[in-house]
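# Structural overview
Given next are the chains, with one letter for each unit.
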Amino acid sequence: MSTTLEQPLVAAYGLTKHYPVGRSLRQALRGERPVLRAVDGVDLALRPGESVGLVGESGSGKTTIGRLLLKLTEPSAGQVAFEGEDLGRLSRSATLRFRQRAQLVFQNPFDALNPRFSIGRTLTEPLSNTGVPKVEHADRVAESLRHVHLGDPARVLERMPHQLSGGQLQRVVLARALVLRPRFLVADEPVSMLDVSVRAGILNLLRELRDTLGLTTLAISHDLTLVRYVCERTLVMYLGKVVEDGPTAQIIAKPAHPYTRALIRAVPRPYVDQPRDALPLHGALGDAASLATGCRLRNRCPHAFDRCAAETPPLAEIAPGHRVACHLHTT
Amino acid sequence: MTELLAVRDLAVAYANGTVHAVDGANLTLRRGGMLGLVGESGCGKTTLARALMGVLPGGARITRGEARLDGTDLVALAPAERRARLWRDLAFVPQTAMSALDPVYRLRDQMREVLCDRGGLSRAEADMRAAELFEAVGLHPRRLADYPHQFSGGMRQRAAIALALALRPKLVIADEPVTALDVIVQRQVLDTFRSLSAELGLSAIIVTHDISVVAYLCDQVAVMYAGRVVEHGPTDAVLEQPSHPYTMGLMNAFPDLESDEAVLAPIEGSPPPLSDPPPGCRFAPRCPFAEAICTREVPPPVTLAPDHWSACHRAPEAAALRQRARDPLTWRDVAEAAA
Ligand SMILES: Nc1ncnc2c1ncn2[C@@H]1O[C@H](COP(=O)(O)OP(=O)(O)OP(=O)(O)O)[C@@H](O)[C@H]1O
Ligand SMILES: Nc1ncnc2c1ncn2[C@@H]1O[C@H](COP(=O)(O)OP(=O)(O)O)[C@@H](O)[C@H]1O
Ligand code: SF4
Ligand code: SF4
Ligand SMILES: [Mg+2]
Ligand SMILES: [Mg+2]
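In this report, the structure presented in the accompanying data block is examined. Bear in mind that the values here come from a model prediction, so they are computed numbers and not experimental data. (Residues numbered from 1 in each chain as written. Chains lettered and ligands numbered in written order. Predicted model: local features only at pLDDT ≥ 70, side-chain atom pairs only at ≥ 80, totals over all residues. Heavy atoms only, no water.)

## Focus: the overall build of chain A
- Regarding its fold elements, chain A presents 14 helices and 12 strands.
- Taking 20 Å as the expected radius of gyration for a compact globule of 331 residues, we find that chain A reaches 21 Å, a close match to that expectation.
- On the principal axes, the C-alpha backbone points of chain A span a range of 65 × 55 × 50 Å.
- When burial is assessed residue by residue, chain A has 52% of its 331 residues classed as buried.
- Long-range pairs, those at least 24 residues apart, make up 66% of the contacts in chain A with a sequence separation of at least 6.
- For chain A, the computed accessible surface area is about 15,000 Å², with 52% contributed by carbon and sulfur atoms.
- Distance from the positive charge centre (42 side chains) to the negative charge centre (32 side chains) of chain A: 4 Å. (Helix = DSSP H or I, 4+ residues; strand = E, 2+ residues; numbered from the N terminus. Rg over C-alpha atoms; globule rule 2.2 N^0.38 Å. Buried < 20%, exposed > 50% of the residue type's maximum accessible area, 1.4 Å probe, protein only. Contact = heavy atoms within 4.5 Å. Areas by Shrake-Rupley, 256 points an atom, 1.4 Å probe, with all protein chains shown as cover. Lys, Arg positive; Asp, Glu negative; His and termini not counted. Charge placed at Lys NZ, Arg CZ, Asp CG, Glu CD.)

Okay, here's the thing in structure tokens:
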């Protein structure tokens, strides 16, 4: 019993995704093939029922990690295991089963649904596609609508997407993911396109699903404010690497990595009396193509020293359950 | 006179007058002030901003009211006269920066077009001014040689701001200037506005649905609901002592990085269709404090302090309502009553 509990539901080892980028003539002559290191050697583990946030600035590789964990794209190196099985070696039928158990909730509800399908058809389609017996469809659809609190199911089912508000659409998108009774959900910027008043409802709903269904969730966002409402643990990414991993409350109260500190300081607060001093970070976004060794933040980090250029800092534990990749924390 | 802009009872209709996207909006902006215009989507923020700029889409027109900029009523001006004021007196940063920039021209050429053709500068003067403007918004003047697609989202937003500032307008209106940006780039753009306000005395209206952006940047705030401004005042007063139930609801629904609140209290329901708004107070169907009078009579603005007003029949009881509004159950009850 305890061994199955301790086994992570989803785990990644040395997970890497490189994309080819345009090369200069000189690079071509030298036979070099420059790559963009979108995800670069990430190790992570999500325990069953855990809700984990993935934060980082635009282009840091969050969506790419989400897609790798769902086998929507293949890694350049490293592997992903789901319930202990290597996703790279799944049989055809095992892949089909995995596609039911792991679901994605898209960044933008307005693009995620087929505008010509009624809500009923949108929700039934995944069931037909995965061979769920027809007699079960009505019950399963009603169950998923109940989970997302979408009022009177009979009325919702005939509606078309354009007849629903943004918040209702996002609930439908969630229901579509839940209809297959998944164990693992990746929610990519689930509320960034929604109004504040609607966001609150969706964030509450995600929490509730975590508690009632025991779903394992990876919630992707650039905004820690949103993540803290849903996730007990947070991973911070910078240019393809996880630079900090720990309990969300601890990361917000005592961020250990210089990048996390800047990220937290950058969040505007809903009251007038708030700090407005310059962020402890130089320059613009770094370039994932160029920095192969050393710490990728070093050009922007106010604390950088010699070692930061020479050695890549490993993700090392600084307290139980709290890992940081920064030479300031290694000895 | 320190008042730069005064909007009175402004109304804008789309589709042959069937949709009143703005319906009796009032607001004022001090010279050198930063005003945040907040509200849920569909409340008419973009329509109001475009009406002030004189850049409404076809089929939309101003049906009543006035908008005085330095005493001149913009609404009464002939279209040609209004166009002549665009860029010089007022400038606009549209909701997507990409639509402010022309993808086929280098930024330098777009700057020249505004500075030479509209501002009457020579080419050499224009290039010098363009370099200054880029520096002012934190972009390297070298980047003037680039095309818009070579910029990141945040850089594009700053280039659009630089373009808007080209002829030193009295007023800049920016529609959701940071909504699509990640928090670090967002902070850079907000700081660009802050330093322009401090150093050049820029006056601006910042349209946003993010209360934190207003709290960080703006000294005044106007809260818009269903085509009308429902609360208006200094940012600290409005955020600390919200006096319109809609503002109270927005504040409750808003997540903060460190608040102790375990759950957020959403405002249930959504804004009414502007083709068929409810009578009286338009917030009444979602308001936990609605009374009989609310659905009969349009609430007039009630002055609570100098410069701070709320268009709510129960504004005099605001302190007591605030207490009740803090309880999430207060809002849930309305949802259940409506269901
Ligand atoms: N199919 C692709 N081909 C080439 N490069 C890609 C591809 N997908 C992503 N990238 C690059 O990989 C990096 C990481 O992208 P990713 O979409 O994972 O970022 P993200 O953290 O989700 O950003 P955002 O917050 O903007 O959504 C970026 O530099 C991006 O341009
Ligand atoms: N071009 C248009 N034609 C008809 N209706 C429009 C048009 N643009 C906006 N509207 C309507 O006007 C109302 C206000 O929209 P908008 O000003 O864009 O609000 P906001 O910027 O606050 O989201 C909405 O009901 C919207 O559907
Ligand atoms: S390793 Fe060095 S450069 Fe990187 S974050 Fe730590 S101090 Fe800064
Ligand atoms: S006027 Fe009535 S319905 Fe409108 S906000 Fe005030 S109390 Fe609520
Ligand atoms: Mg993404
Ligand atoms: Mg808008």
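## Quick notes on the nonpolar core
- Ranked by internal contacts, the top residues of the largest apolar core, which has 103 residues, are B:Leu27 and B:Ile205.
- Dropping the residues within four chain positions of it, B:Ile205 is found in contact with B:Leu5, B:Leu27, B:Leu29, B:Leu35, B:Leu37, B:Leu52, B:Leu171, B:Val172, B:Ile173 and B:Ala174.
- Listed in part, the 61 residues of the second largest apolar core include A:Ile119, A:Leu145, A:Leu169 and A:Leu281. (Core = buried A, V, L, I, M, F, W, Y, C linked by side-chain atoms within 4.5 Å.)

## Examining the interface of chain A and chain B
- Contact residues are listed per partner, giving 38 residues for chain A and 35 residues for chain B.
- When chain A packs against chain B, the two sides together hide about 3,400 Å² of surface, and 59% of this comes from carbon and sulfur.
- Summed over the shared surface of chain A and chain B, the result is 2 salt bridges.
- In this structure, A:Arg269 engages B:Asp256 in a salt bridge whose closest nitrogen and oxygen atoms are separated by 2.8 Å.
- Among the secondary structure elements, those contributing two or more residues to the side of chain A that touches chain B are helix 10 (196-213), helix 11 (224-230) and helix 13 (258-265) of chain A.
- Among the elements that make up the side of chain A that touches chain B, the one with the highest residue count is helix 10 of chain A (8 residues). (Buried area = accessible area lost by both parts, 1.4 Å probe. Salt bridge = Lys/Arg side-chain N within 4 Å of Asp/Glu carboxyl O.)

## Things to note about helix 10 (residues 318-325) of chain B
- Those residues of helix 10 of chain B not exposed but buried are B:Ala318, B:Leu321, B:Arg322 and B:Ala325. Burial along helix 10 of chain B is one-sided: seen end-on, the buried residues are contained in an arc of 105 degrees. (Arc of directions from axis to C-beta.)

## Examining the site of ligand 4
- With respect to spatial proximity, the complete set of residues near ligand 4 consists of B:His244, B:Pro245, B:Cys281, B:Ala284, B:Cys287, B:Phe289, B:Ala290, B:Cys294, B:Pro299, B:Cys312, B:His313 and B:Arg314.
- Residues that form the shell around ligand 4 fall into these classes: 9 nonpolar, 2 polar and 1 charged. (Near = heavy atom within 4 Å. Nonpolar A, V, L, I, M, F, W, Y, C, P; charged D, E, K, R; others polar.)

## Structural notes on the sheet that holds strand 11 (residues 316-319) of chain A
Residue and element names in this part refer to chain A.
- The strand order across the open sheet built from 8 strands is 6-7-8-3-9-10-12-11, with neighbouring strands paired in mixed fashion. Two strands bound the open sheet, and with one partner strand each, they are strand 6 (102-105) and strand 11. Here the strands of the sheet are splayed against their neighbours by 25 degrees on average, with no regard to which way each runs.
- Across 2 bridges, the pairing between strand 10 (residues 241-247) and strand 12 (residues 322-324) is antiparallel. Looking at strand 12, one finds that Asp245 is bridged to Arg323.
- Those strands touched by helix 9 (residues 166-178) are strand 6 and strand 7 (184-188), and its axis lies near 170 degrees from that of strand 6.
- This element, helix 13, spans strand 3 (51-55), strand 9 (233-238) and strand 10 of the sheet and lies at about 105 degrees to strand 9. (Pairing = 2+ DSSP bridges. Axes fitted to C-alpha atoms, helices over the stretch in contact; angles between N-to-C directions.)

## Observations regarding the site of ligand 2
All names here are of chain B.
- Residues in close proximity to ligand 2 include Tyr14, Ala21, Glu40, Ser41, Gly42, Cys43, Gly44, Lys45, Thr46, Thr47 and Leu274, which together make up its full environment.
- One of the backbone nitrogen or oxygen atoms of Gly42 is found 2.7 Å away from an oxygen atom of ligand 2.
- At 2.7 Å, a side-chain N or O of Thr46 approaches an oxygen atom of ligand 2.
- In the complex, 62% of the free accessible area of ligand 2, which totals 560 Å², lies under the protein chains. (Polar contact = N/O pair within 3.5 Å; in protein donor to acceptor, adjacent residues only side chain to side chain.)

## Section: the packing of helix 6 (residues 119-129) of chain A against helix 9 of chain A
Residues and elements named next belong to chain A.
- Two elements in contact, helix 6 and helix 9, have axes separated by 8 Å at closest approach and are oriented at 25 degrees. If you check the angle between helix 6 and helix 9, you find them roughly parallel. Once helix 6 is placed against helix 9, the crossing between them reads as right-handed. In this structure, helix 6 uses Ile119, Thr122, Leu123 and Pro126 to contact helix 9, whose residues at the interface are Val172, Ala175 and Arg176. (Parallel < 35°, antiparallel > 145°, perpendicular 65-115°, else oblique. Left-handed = near helix turned anticlockwise from the far one by under 90°.)

## A word on the sheet that holds strand 5 (residues 85-86) of chain A
Residues and elements named next belong to chain A.
- Overall, antiparallel pairing links the 4 strands, which are arranged 2-1-4-5 in an open sheet. Since the sheet does not close on itself, it has two edges, and those belong to strand 2 (35-46) and strand 5, each with one partner.
- Here strand 1 (residues 10-20) runs beside strand 4 (residues 77-82); their pairing, made up of 5 bridges, is antiparallel. Residue pairing in the sheet places Val10 in a bridge with Phe82 of strand 4.

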